Every structure is written in C-alpha cells, then in structure tokens.
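Letter by letter, the chains look like this.
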Amino acid sequence: MKHVIALDVGGTGMKAALVAEDGTLLHEARRATGRDRGPDAVVETIQDFAAELLDTGRERFGRPASAAGVAVPGIVDSEHGIAVYAANLGWRDVPMRSLLSRRLGGIPVALGHDVRTGGLAEGRIGAGRGADRFLFVPLGTGIAGAIGIAGRIEAGAHGYAGEIGHIVVRPGGPACGCGQHGCLETLASAAAVSRAWAAASGDPEADAADCAKAVESGDARAREVWLAAVGALADGLVTAITLLDPRTLIIGGGLAEAGETLFTPLRTAVEERVTFQRLPHIVPAALGDTAGCLGAGLLAWDLLATEVPA
C-alpha cells in the first residue's frame, strides 16, 4: 500500500504516523523528544524515529514510504528545508530535509512549521473544511497563527506570516521574549492565564485549566483574570480580522479546551469590537494534538503531487 511518513516534533514529545493517500492513519507512534540531551541528540532521535517508520512501512505494506513530511517548531525555512532556530530545542540552521532524505534512502521530504502544518490539517480536514479563507490560532505556551488561503497556508515572504502572538495589544504591558512589551501572547496564552491565576489565587501551582474551572464555579477573581485575557485576545483577533478578512476563525490549543467558557465570552468580545468588518465563524479546532501529524502527512502527499515524473 502506498503511504507516507508523517512526523510532528514538539518540545517534549514527537507524534508520528504512516498515512495512506486517502488520509487513513495506518500506523501511529509516539516518542519523547529528549531535549535535555542537547540539540544534536534531538536531531539524531528524529532521524532514528523516521528510519524506524520507514522500516515499519516496508514490513507491513511491502514497500517503503513514498515521501515524508516533518513539522518542527521555531523558525523554519520550508523552501530550503532548514530548521533555522528553535528556542525550546536549542538548534540553529539544521538542514533537516537533506539529513532525513539521506537517512530515508533518498525519498523526498517536506519540512514545515508546526503551527502552519497544524493549520493545514485543520483547514483541509478539520474545523476549517470548506472555508476558502481561514485563520488558525492555537493558544498554548505562546500564540501563533496559520493563514489559510484556498487550501494552502501562507508562509509570507520570509516565513514569518501569522505571528499574531506578537501583535502589541497593551502598549507598555508585560515584557515579551521577542523584545516588545504587551504582546498578545503575554496576556492571552494559556501560559499567561496560568501566571495570572497563580498570582491572583495565591497558588503557585494553579494553571489556566484551574482558572477555567473556577470561572465555571462562579469565582469572581477567576472571572476577572479570564475576562482580561479574553479581552486582550479579542483585540488581537480583531486586528487579524481587519487585515485578513477570514471566513472562519479556528481557535485551538490548551485554552480552547475550556469550551464555551472561552468561546461564549470571546465571540461576544469580538462582536463588540468590530465596526465595518465582517464577523467570521469562530469555532474550536477539531483535530486536537493530532493536527500537526496529520498536516505533516498532507505536506508529504502535496510534495508527491507536485513532483514531475522522471
């Protein structure tokens, strides 16, 4: 059976699959990233994992994978196949595509940015299916975005398109790792809500999920923290809506797991802020933590579709 390798590399874990042409997951596996062993060891682990998947496909389906798709975090040069920089993994300028292709016997390899790859999956087979224009925004440790246009993800001229987390929504606000102050992700990411609720509740172990539960139970302090984050998020999203005019706005990541505790006030806050703009459908992501892996499979199949036969 013809299939491809799909690999989603995260800061703590890797998710992988063998994917058939119709999108069926033929085999799934997970492995720790092992970033504590250093960037060189992580790159070697990725190659070893991919090689094992190649062997699994050959043994189970009588042929090796036709291609591989790999999603990695940080700054990614997809055109040249280079993992430029990832703060949480410590690597710089890793020629990931060529390393993997060599290790996998020369099969073609597509390299993608993790959020944009997850957005590709959400747009084609998840919550954005059928939408010609969408914006995918996962709310996790940080906030990023993937701009979907006609079934493709717009990377931008330099590969930085969609970095909505670094829109300044509160000038002079908290310092951000990017060097600015008041960036959206310092105020409305899951990590930001966790910090704010830990401080407000006096419990250093409290996190965003705890805050959401406290909101649901009627805690006034939790509601204040939550609505401050929702307000900042709405400001950032309205800026994005003004620039991009998406038909569907897909919200994912850890904060979206709060369900309507997030979506009801968020839809209201966005609606209150728009004037001439058209409101997009604001919906939760559908694919959960499998989006990156599924998207990596789509990258691989897209690569095969664009190859010119010899």
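A brief structural summary. (Residues numbered from 1 in each chain as written. Predicted model: local features only at pLDDT ≥ 70, side-chain atom pairs only at ≥ 80, totals over all residues. Heavy atoms only, no water.)

1. Here we look at the overall build of the protein
Scanning the protein for helices and strands turns up nine helices and 13 strands. If one aligns the C-alpha atoms of the protein with their principal axes, the spans along those axes are about 60 × 45 × 35 Å. Out of the 310 residues belonging to the protein, those deemed buried represent 51%. Taking as baseline every contact in the protein between residues at least 6 positions apart, the subset at least 24 positions apart corresponds to 59%. If you sum the accessible surface of the protein, you get close to 14100 Å²; carbon and sulfur atoms cover 52% of it. Counting 27 positive and 36 negative side-chain charges, the protein places the centres of these two groups 3 Å from one another. (Helix = DSSP H or I, 4+ residues; strand = E, 2+ residues; numbered from the N terminus. Buried < 20%, exposed > 50% of the residue type's maximum accessible area, 1.4 Å probe, protein only. Contact = heavy atoms within 4.5 Å. Areas by Shrake-Rupley, 256 points an atom, 1.4 Å probe, with all protein chains shown as cover. Lys, Arg positive; Asp, Glu negative; His and termini not counted. Charge placed at Lys NZ, Arg CZ, Asp CG, Glu CD.)

2. Some details on the sheet that holds strand E11 (residues 152-154)
Across the sheet, which stays open at both edges, the five strands sit in the order E11-E10-E9-E12-E13 with mixed pairing between neighbours. Edge positions in the open sheet fall to E11 and strand E13 (281-284), since each of these has one partner strand only. Each neighbouring strand pair of the sheet contributes to a mean axis angle of 30°, computed without reference to strand direction. Alignment of strand E10 (residues 146-149) against E11, held across three bridges, turns out to be antiparallel. Across the sheet, Ile149 pairs through a bridge with Arg152, a residue of E11. Across the face of the sheet, helix H3 (residues 114-125) comes into contact with strand E9 (133-138), E10, E11 and strand E12 (248-252) while running at roughly 130° to E9. (Pairing = 2+ DSSP bridges. Axes fitted to C-alpha atoms, helices over the stretch in contact; angles between N-to-C directions.)

3. A closer look at the packing of H3 against helix H9 (residues 291-306)
Following both chains from N to C, one finds H3 and H9 inclined at 85°, their axes separated by 7 Å at the closest point. Relative to H9, H3 is oriented roughly perpendicular. Across the interface between the two elements, Thr117, Gly118, Leu120, Ala121, Glu122, Arg124 and Ile125 from H3 touch Ala291, Gly292, Leu294, Gly295, Ala296, Leu298, Leu299 and Asp302 from H9. Here the residues of the contact of H3 with H9 sort into eight nonpolar, four polar and three charged. (Parallel < 35°, antiparallel > 145°, perpendicular 65-115°, else oblique. Nonpolar A, V, L, I, M, F, W, Y, C, P; charged D, E, K, R; others polar.)

4. Structural notes on the nonpolar core
Ranked by internal contacts, the top residues of the largest apolar core, which has 43 residues, are Val137, Trp226, Leu237, Ile251, Leu266 and Val270. Among the secondary structure elements, those contributing two or more residues to this core are E9, helix H5 (190-201), helix H6 (208-216), helix H7 (220-244), E12 and helix H8 (260-273). Among the elements that make up this core, the one with the highest residue count is H7 (12 residues). Excluding residues within four positions of it along the chain, Leu266 makes contact with Val230, Leu233, Ala234, Leu237, Ile251 and Ile282. With 29 residues, the next largest nonpolar core counts Val9, Met14, Val43 and Ala68 among its residues. (Core = buried A, V, L, I, M, F, W, Y, C linked by side-chain atoms within 4.5 Å.)

5. As for the pattern of salt bridges
Scanning the entire structure with this criterion turns up 13 salt bridges. Of the charged contacts, one joins Glu52 and Arg31 as a salt bridge, the two residues approaching to 2.6 Å between their closest N and O atoms. Of this pair, Glu52 sits in helix H1 (residues 39-61) while Arg31 sits in strand E3 (residues 25-32), and the two are 21 residues apart along the sequence. Its relative accessible area of 29% is what places Arg31 among the partly exposed residues. A salt bridge links Glu260 to Arg267; the shortest N-O distance between them is 3.1 Å. Judged by relative accessible area, Glu260 falls into the partly exposed class, the value being 44%. On the accessibility criterion, Arg267 (30% relative accessible area) is partly exposed. Among the charged side chains, a network of salt bridges with common partners joins Glu44, Asp48 and Arg103. (Salt bridge = Lys/Arg side-chain N within 4 Å of Asp/Glu carboxyl O.)

6. Description of the layout of surface pockets
In this structure, the largest pocket occupies an estimated 1700 Å³ of space. Taken together, 50 residues make up the lining of the largest pocket; nearest its centre are Pro73, Asp114, Val115, Thr141 and Gly142. For the lining of the largest pocket, the secondary-structure elements that each account for two or more residues are strand E1 (3-9), strand E2 (13-20), strand E5 (75-77), strand E6 (82-86), H3, E9, E12 and H9. Sorting elements by how many residues they give to the lining of the largest pocket places H3 first, with five residues. The class makeup of the residues in the lining of the largest pocket is 21 nonpolar, 19 polar and 10 charged. A volume near 620 Å³ is recorded for the second largest pocket. Considering the residues around the second largest pocket, the lining is formed by 29 residues, among which Ser78, Glu79, Leu111, Ala155 and Leu299 are closest to the centre. Within the residue set of the lining of the second largest pocket, elements represented by two or more residues are E5, strand E8 (109-113), H3, E11 and H9. Its residues assigned to classes, the lining of the second largest pocket shows 13 nonpolar, nine polar and seven charged. (1 Å grid on protein atoms, 1.4 Å probe; cavity = no way out; pocket = protein on both sides within 12 Å on 5 of 7 lines; lining within 4 Å. Points joined across faces, edges and corners; volume = space filled by probe spheres on them.)

7. Considering the packing of H1 against helix H2 (residues 96-103)
At their nearest, the axes of H1 and H2 sit 9 Å apart, and the two run at 40° to each other. Looking at the two axes, H1 sits oblique to H2. In the crossing of H1 with H2, the sense of the turn from one axis to the other is right-handed. When H1 is examined against H2, the residues Val43, Glu44, Ile46, Gln47, Asp48, Ala50 and Ala51 are found in contact with a partner set consisting of Met96, Leu99, Leu100 and Arg103. (Left-handed = near helix turned anticlockwise from the far one by under 90°.)

In short, shape yes, function no, at least from these values alone.
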